[in-house]
Amino acid sequence: MATAELASERESDYLSQLTMAAARYGNRTEQRERNQSVLETRGVLYADTPERIEKRLARLGADWAMARAIERTPTEPASGAGSTLGLPPESFTSEALGLERLIGRNNLTPVAFLEEGVQVSRSVGRITISGPGGGHGTGFMVSPSLLLTNNHVLGDAQEAGRSKVAFAFQDGADGNPLVPAVFSLEPLRCFVTDRALDYTLVAVAPRGAQGEALSSFGRLVLSEAQGKAVIGEFVNIIQHPRGEPKQIALRENQIVDVLERFLHYESDTREGSSGSPVFNDQWEVVALHHSAVPKTDAEGRPLSVDGTVWRPEMGEQQLAWRANEGVRISRVLRSLHEAALTGEAAELRDEVSTTGLDPSPEKNAPPMPSSAGRPALAGADGSQDGAPSHAAAGSAQLVLPLRITLDFGTSSAPSATLSAPLPARAPTPQPSSDGQPDVVSAVGKDVDAALTHHRLSRERPYYDRSADAAARAAYYANVRTDDGDALRRALTTLLAETHEPKPRYKPMRLVYPWVDLHKDGRLRSIYSGQGFSAEEVIRADAAVEEARLAREQELLLRERTAGPAEFAAEFRALEASLPFNCEHVVPQSWFHEKEPMRGDLHHLFTCESGCNSYRNNFPYFDFPDFQETVRDACGKRESVGFEPEKCRGVVARATLYFLLRYPGQIGDVAQEFPEDRLPVLLRWHENEAVTEYELHRNAAIAELQGNRNPLIDHPEWARAIDFSGVWP
């Protein structure tokens, strides 16, 4: 084909790309304006669909259950229209805590964000097309051998064959240019392209012109996972505009719309930026930048900066721009998976989906710091598993959402400061052929969420007295107090009807990050008063859960050679060997470990395993001669019962709540709480006033499960309530 024909074809293709991008942008004007209005008036948590917001929060280690509790104002009811789990409640606000800062970027950004940006930028290079129709573009490594760019940059294998990519084509810290490493492209090894999605994947020579190793420039791991970005988030673009040295667009690059296959965002890019990676704030690739959206006239023709109809011979610098468009990376990956390839090309294509980790364990052990003050996460296209990494020769980086691998037997694993040694966990089974996830991943998700919730919760007021007073007044507005039996019945009905949702037992997620915190941000044992950090308790709880799941899988593999009794005994021994446990002030054996009693937060408290085991399932008892503890400051225990060293008023009010919420559930056997012990609870309740810690707990639990503890809200009701109807 003649040079003029090639140039004409390239200009035609480029004009076609511009026209289609402008049409897509124009067709979405109404939706985009609605998005902008919502962003301005309500915030990023509302601008996108609830499903996409939910996936984004999940990817960041949060979920709607916690987000709802954190964001809802204290006077907002916990149930009703718009508050169903999985969907944001209608009155969901972003002012209470600023959960938006988990999604949007805070202007105060840790330097680690820039350090990670420097690392990922190494994989971005300038493409130079030689010969007829030549020019420049941008591309980036997505596997040890493959480069991703646009179809309109490299349209066919012949064009790729006469092209090169240069890495480190940029200025150094001293302002002087670095020496770039130039590599040839090898389309005969692998070449995949798609005009509709405007991407090209091509192999790169393993050695540069001066013998440089391609592996030294790493790769960006792509993820097809959902939840990488939503409307209103900001993106970052590393690029070679007009073939110039590498540059980055960092600020005011907001996603304004999400289409099925494309993202629209406002950003500073110029010609030559085509093929650039578009990142979220965790440096995950969310899109492949492919076109600016030009301003157009009434007929859809691109306009130049002077308002006239743009013609290709004017040059890209004369185009008037409105926005930018990127191809969602999940759609690129989906297309790649479906491409019919064989031989080496298929093998190289499959490497795009691998993690890219250096096999040396010491290089993978330390997690990199999070960017922008938030957990560093896996792969904005809005499209959830998988994690990005940037692997280069001699080093590797695994960026994960606080993905803790609980391997307490090795020095390289993250560890908490524990007051007792942790046992070696059972060997973790690998994922089975039927796709069953390994236990580390399963527990890791809970650890991620718990630590994220703990960090977020520390930013909100510990206890808002005036707001909680209003919530309390609204909650009991229809409760009459002139008759003891009627009061008890009314409270039982109210507690049951407002107990929504009913969280299952998960102290790692629901008790330790926020509910059971004291004002100093630490947890304290309910019986001894000993203090712990939330993180160490969360991780210890995770160790128990991981070992339990591993043992369950092991038993399944053995076709249940061990019976339930053996497993229960093993699990109890495991819990007893660990430093922490969650105490049910009403022992689980009294209600046969059934839900919702087991997960009811009002009677769950932090405790050391030693004190928990020491109390066992003995009912509370008031020893007349109680002077000193029998076991390590836990309390005193004899055959008649147990009296804690600390927090007698707290456990009394929690137990009284349980009696009201679940009448008839306990006290039917001699070992459980008999009716003649009621005076013990009432005496402890009256002798120890309600503390701010309890007020905080009560308000936090009301946000999570809807109901409240009447003995905390109205201590004076204790003697007015006729408790006789709560025993079988």
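What counts and what doesn't
- Residues numbered from 1 in each chain as written.
- Predicted model: local features only at pLDDT ≥ 70, side-chain atom pairs only at ≥ 80, totals over all residues.
- Heavy atoms only, no water.
- Helix = DSSP H or I, 4+ residues; strand = E, 2+ residues; numbered from the N terminus.
- Buried < 20%, exposed > 50% of the residue type's maximum accessible area, 1.4 Å probe, protein only.
- Salt bridge = Lys/Arg side-chain N within 4 Å of Asp/Glu carboxyl O.
- Disulfide = S-S within 2.5 Å.
- Pairing = 2+ DSSP bridges.
- Axes fitted to C-alpha atoms, helices over the stretch in contact; angles between N-to-C directions.
- Contact = heavy atoms within 4.5 Å.
- Expected span 1.5 Å × (residues − 1).
- Core = buried A, V, L, I, M, F, W, Y, C linked by side-chain atoms within 4.5 Å.
- Parallel < 35°, antiparallel > 145°, perpendicular 65-115°, else oblique.
- Left-handed = near helix turned anticlockwise from the far one by under 90°.
- Nonpolar A, V, L, I, M, F, W, Y, C, P; charged D, E, K, R; others polar.
- pLDDT = per-residue confidence, 0-100.
- Phe/Tyr/Trp six-rings, centres within 6.5 Å; stacked < 30°, edge-to-face > 60°.
- Lys NZ or Arg CZ within 6 Å of the ring centre and 35° of its normal.
- Polar contact = N/O pair within 3.5 Å; in protein donor to acceptor, adjacent residues only side chain to side chain.

Undergrad: Before we move on, could you go through the overall build of the protein and cite the residues and values that matter?
TA: Each helix and strand counted, the protein has 22 helices and 22 strands in total. Per-residue burial for the protein yields a buried fraction of 55% across its 728 residues.

Undergrad: So what about the pattern of salt bridges? Which residues, and what values?
TA: Any two side chains of opposite charge can pair, so long as their charged atoms come close to each other. Tallying each qualifying case throughout the model produces 33 salt bridges. Asp 257 serves as the salt-bridge partner of Arg 28, at 2.7 Å between the closest nitrogen and oxygen. With Arg 28 in the loop between helix H1 (3-27) and helix H2 (29-41) and Asp 257 in strand E10 (residues 255-258), the pair connects residues that are 229 residues apart, well separated along the chain. Residue class for Asp 257 comes out buried when judged on its relative accessible area of 0%.

Undergrad: Now, about the state of the cysteines: what can you tell me, with residues and values included?
TA: Throughout this description, disulfide means a covalent bond between two cysteine sulfur atoms. Overall, the coordinates contain 1 disulfide when judged by the stated rule. Note that Cys 611 is cross-linked by a disulfide to Cys 634, the S-S spacing being 1.8 Å. Residues Cys 611 and Cys 634 are joined by a disulfide whose S-S torsion is about -80°; by sign, that bridge is left-handed. Of the two residues, Cys 611 is situated in helix H18 (residues 609-615) and Cys 634 in the loop between H18 and strand E21 (635-638); the sequence distance between them amounts to 23 residues. You can call Cys 611 buried: its relative accessible area is 2%. Here Cys 607 is not disulfide-linked; the sulfur of Cys 611 is the nearest cysteine sulfur, at 5.1 Å.

Undergrad: Tell me about unusual backbone geometry, and name the residues and values.
TA: With an omega of 0°, the peptide bond between Glu 500 and Pro 501 qualifies as cis. Residue Pro 596 is bonded to the preceding Glu 595 through a cis peptide linkage, with omega at 5°. Of note, Trp 283 is a non-glycine position whose phi angle comes to about 60°, a positive value. Relative to the elements of secondary structure, Trp 283 occurs in the loop between strand E12 (277-279) and strand E13 (285-294).

Undergrad: A description of the sheet that holds strand E5 (residues 181-184) should follow, citing residues and the corresponding values.
TA: Spatial strand order, E5-E4-E1-E2-E3-E7-E6: 7 strands in an open sheet with antiparallel pairing. The outermost strands of the open sheet, each flanked by one partner alone, are E5 and strand E6 (191-194). Across the sheet, the mean angle from the axis of one strand to that of its neighbour is 30°, orientation sign disregarded. Across the sheet, helix H9 (residues 329-338) is in contact with strand E3 (146-149), E6 and strand E7 (199-203); its angle to E7 comes to roughly 60°.

Undergrad: I'd like a description of helix H19 (residues 648-661), backed by residues and values.
TA: Its 14 residues place the ends of H19 20 Å apart at the C-alpha level, agreeing with the 20 Å of an ideal helix rising 1.5 Å per residue. With 14 of 14 residues buried, H19 lies mostly within the body of the structure.

Undergrad: Explain the nonpolar core residue by residue, including any values.
TA: Ranked by size, the top nonpolar core spans 51 residues in total, and within it Leu 491, Tyr 527, Val 585, Tyr 620, Leu 656 and Phe 723 carry the most contacts. Sorting the residues of this core by element identifies helix H14 (484-497), strand E20 (604-608), H18, H19, helix H20 (678-687), helix H21 (692-705) and helix H22 (710-713) as the ones contributing at least two each. The greatest single-element share of this core, amounting to 9 residues, is contributed by H19. Each residue touching Leu 491, except ones within four places of it in the same chain, is listed here: Tyr 476, Val 479, Leu 660, Pro 710, Trp 717 and Ile 721. One finds Val 124, Val 192, Ile 238 and Trp 283 within the second-largest nonpolar core, a separate group that totals 31 residues.

Undergrad: Before we move on, can you summarise the packing of H19 against H20 with the specific residues and values?
TA: One can describe the packing of H19 onto H20 by two numbers: an axis separation of 8 Å at closest approach and a directional angle of 130°. As the angle between them shows, H19 and H20 are arranged oblique. Note that H19 runs across H20; the crossing there is left-handed. Listed contacts from H20 to Arg 648, Gly 649, Val 651, Ala 652, Arg 653, Thr 655, Leu 656 and Leu 659 of H19 are Leu 678, Leu 681, Leu 682, Trp 684 and His 685. Taken together, the residues of the contact of H19 with H20 break down into 8 nonpolar, 3 polar and 2 charged.

Undergrad: Can you tell me about the environment of Gly 43, naming the residues and giving the values?
TA: Residue placement: Gly 43 occurs in the loop between H2 and helix H3 (44-47). You can call Gly 43 buried: its relative accessible area is 6%.

Undergrad: How would you sum up the confidence of the model for the protein? Please name residues and give values.
TA: The predicted model of the protein averages 77 in pLDDT, with 72% of residues at 70 or higher. For the protein, the element scoring lowest by mean pLDDT is strand E16 (residues 395-398), at 31; H22 scores highest, at 98. A low-confidence stretch, residues 355-437 (pLDDT under 50), is modelled with 230 contacts involving residues beyond four sequence positions or located in other chains.

Undergrad: Any details on the packing of aromatic side chains? Residues and values, ideally.
TA: Scanning the entire structure with this criterion turns up 15 aromatic pairs. Aromatic rings pair up to connect Tyr 527, Tyr 614, Tyr 620, Phe 642 and Trp 684 into one cluster. In this arrangement the basic side chain of Arg 126 is found over the ring face of Phe 169, its NZ or CZ atom lying 4.0 Å from the centre. Lying across the ring of Tyr 620, Arg 615 places its NZ or CZ 4.3 Å from the centre.

Undergrad: So, the pairing of E6: which residues are in play, and what are the values?
TA: Of the pairings in the sheet, the one linking E6 to E7 comprises 4 bridges and is antiparallel in character. Residue pairing in the sheet places Phe 191 in a bridge with Val 202 of E7. Taking the residues between adjacent antiparallel strands as the criterion, E6 and E7 are bridged by 4 residues, where Asp 198 takes a positive phi near 55°.

Undergrad: Tell me about the environment of Glu 224, and name the residues and values.
TA: Considering the arrangement of structural elements, one finds Glu 224 in the loop between E7 and strand E8 (236-239). The class of Glu 224 is partly exposed, set by a relative accessible area of 30%. Taking C-alpha positions, Glu 224 is 7.4 Å from Arg 334, a pair spaced 110 residues apart along the chain.

Undergrad: Explain the side chain of Ser 121 to me, using residue names and the numbers behind them.
TA: Checked against the element boundaries, Ser 121 lands in helix H7 (residues 111-121). For Ser 121, a relative accessible area of 11% gives the class buried. Within polar-contact distance, the side chain of Ser 121 engages the backbone oxygen of Val 118 at 2.7 Å. Setting aside anything within four residues of it in sequence, one finds Ser 121 in contact with Ile 238 and Lys 246.

Undergrad: I'd love a proper account of the pairing of strand E1 (residues 124-129), names of residues and values included.
TA: Consecutive residues of a regular strand have side chains that alternate between opposite faces of the sheet. Across the 6 residues of E1, 5 count as buried, placing the element largely inside the fold. Two strands pair when backbone bridges link them, and E1 and strand E2 (residues 135-141) are joined in this way by 6 bridges, in the antiparallel orientation. Counterpart to Arg 126 in the pairing with E2 is Thr 138. The pairing of E1 with strand E4 (residues 163-167) spans 5 bridges and is antiparallel. Bridge pairing links Ile 129 to Ser 163 in E4.

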